[in-house]
Amino acid sequence: MIKTRLTELVGIKYPIIQAGMGPFPVTSLCIAAANAGCLGLCSTFGTTSRKSNPVVFEDFCRQAHADYSDDDVTIFKKMFTRIFNETKEGAVFGANVMVSAEVKENAMNVMKAIKEVRKDPEMAKRFKVLVTTAGDPVPWAGFVKEQGMIWMHVFPGVRTAARCKKAGVQVLIASGHEGGFHTAWQPVHSMTLLPDIVEKFSDENTLVCGTGGYCDSKTLAAALAMGADGVQMGTRFLATEESDFCDLWKKLVVDCPDGGTIIARGFVGPARWLRTPAAQVHAYNTAKDAPGSFVGVPDDFSKIPMDLLVAERTGIAATYNGDAEKAMAGAGECSQRISDLPRCEDMVKKIVAETEDIISGLKEKFVF
Ligand SMILES: Cc1cc2nc3c(=O)[nH]c(=O)nc-3n(C[C@H](O)[C@H](O)[C@H](O)COP(=O)(O)O)c2cc1C
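Residues numbered from 1 in each chain as written. Predicted model: local features only at pLDDT ≥ 70, side-chain atom pairs only at ≥ 80, totals over all residues. Heavy atoms only, no water.

Engineer: Run through the sheet that holds strand 10 (residues 261-266), naming residues and quoting values.
Structural biologist: Within the open sheet, the three strands sit side by side as 7-11-10. Their pairing is antiparallel. Of all the strands in the sheet, just strand 7 (181-182) and strand 10 have a single pairing partner and so form its edges. Where strand 7 and strand 11 (residues 269-274) come together, two bridges link them in antiparallel fashion. For H182, the partnering residue across the bridge sits in strand 11 and is A271. Contacts from helix 13 (residues 277-289) reach strand 10 and strand 11, with the element oriented near 55° to strand 10. Of the strands in this sheet, strand 7, strand 10 and strand 11 are in contact with helix 15 (residues 306-320), which crosses strand 10 at around 125°. (Pairing = 2+ DSSP bridges. Helix = DSSP H or I, 4+ residues; strand = E, 2+ residues; numbered from the N terminus. Contact = heavy atoms within 4.5 Å. Axes fitted to C-alpha atoms, helices over the stretch in contact; angles between N-to-C directions.)

Structure below.
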């Protein structure tokens, strides 16, 4: 049993957070991960596709057990209620909410739904974590304090970590450039970022977790060795039996060869995609039309050619429709290390048992 400050603070069995992964609400995945003893997270990004990408929006509603005609706040409330109803006593879950300027209105709707469902004290006991991402945490401090939730924020660099500290975020999740889908303008990978954040920010009030590239016992053990309190895994959970991702998306992860991901412009900035034919074309167009993704300088969103954003939408819809030629699907570099679709509980138990072996075996393996 690996107890860390994360397992103690959140009240979970394992120091593993299952990442929120829009545009899917990952409702079933969140339920499975929470029931398996991890922190389960649902994501809240898919409703932004209501008009622009109906295939994505409708799938989001189906997974959330909501109706297409529901307003966004109702959809989120139904999703949280489904998770609460299908997780066992003691399981803990939370919501991943992107707070960047492009999706601020969506974030406000999610917060409204959170506030309403958490009026039920039983719900509040288990729906106790808010994970904000992709933006400045400071403006959300009042809301989180009022709700009394455990607050985590995902960020890619030291500057935002300092904003987290200022805002009173309790768990800093340092997101290395290996990570799946939305990634940073400046490419700093987990091996550099995690120890840097631990050294600069970890203290008695502030926990640090790593995300980006963590997918098994070796990487979990490495994160703990670098001083982390736990890890968040995205791509590893995407490729599980219970994951709500469509079949082609999962297949592209499982079949990913080495070097099988590529960066190209996504709606909220650079994004890491599986290297499908469509993603390769998209990366060339990004180099031409939004070069900031490659030189580490944020583009002015209003100046990006609309075609580039439409290509992203079209590629994602093709993945939902099973069209491998036109498909674009986000995933992390660690896809090349993933080749199965295990059940969450089996996977997590195996990862943690092997991590214990690695850590306890180190003393026998080396002479000190
Ligand atoms: C397909 C996919 C969708 C994602 N969507 C979101 C999202 O909606 N919001 C968010 O904050 N992060 C999102 N992420 C990032 C994950 O939350 C997590 O930080 C990342 O997957 C960690 O890296 P890993 O894939 O190497 O584990 C997504 C990741 C993937 C793979």
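Engineer: Describe in detail the packing of aromatic side chains, supporting the description with residues and values.
Structural biologist: Within a pair of aromatic rings, the relevant descriptors are the distance that separates the centres and the angle that separates the planes. Inspection of the entire model under this criterion finds 11 aromatic pairs. Geometrically, the ring pair formed by F93 and F127 is stacked, given 4.9 Å between the ring centres and 15° between the ring planes. Here F93 is found in strand 3 (residues 92-98), whereas its partner F127 is found in strand 4 (residues 127-133), with 34 residues between them in sequence. When sorted by exposure, F93 lands in the same class as F127, which is buried. Grouping aromatic residues by their ring pairs yields a cluster made of F24, F181, F245, W249, W273 and Y320. (Phe/Tyr/Trp six-rings, centres within 6.5 Å; stacked < 30°, edge-to-face > 60°. Buried < 20%, exposed > 50% of the residue type's maximum accessible area, 1.4 Å probe, protein only.)

Engineer: Requested: an account of the site of the ligand, with residues and values cited.
Structural biologist: In the vicinity of the ligand there are 24 residues, among which G22, T133, G213, G234 and T235 approach most closely. G213 is positioned with one of its backbone polar atoms (N or O) 2.8 Å from an oxygen atom of the ligand. Separating an oxygen atom of the ligand from a side-chain N or O atom of Q232 is a distance of 3.1 Å. Those elements giving two or more residues to the shell around the ligand turn out to be strand 3, strand 7, strand 9 (230-233) and helix 11 (235-238). Of the residues contributing to the shell around the ligand, the split by class is 10 nonpolar, 14 polar and no charged. (Near = heavy atom within 4 Å. Polar contact = N/O pair within 3.5 Å; in protein donor to acceptor, adjacent residues only side chain to side chain. Nonpolar A, V, L, I, M, F, W, Y, C, P; charged D, E, K, R; others polar.)

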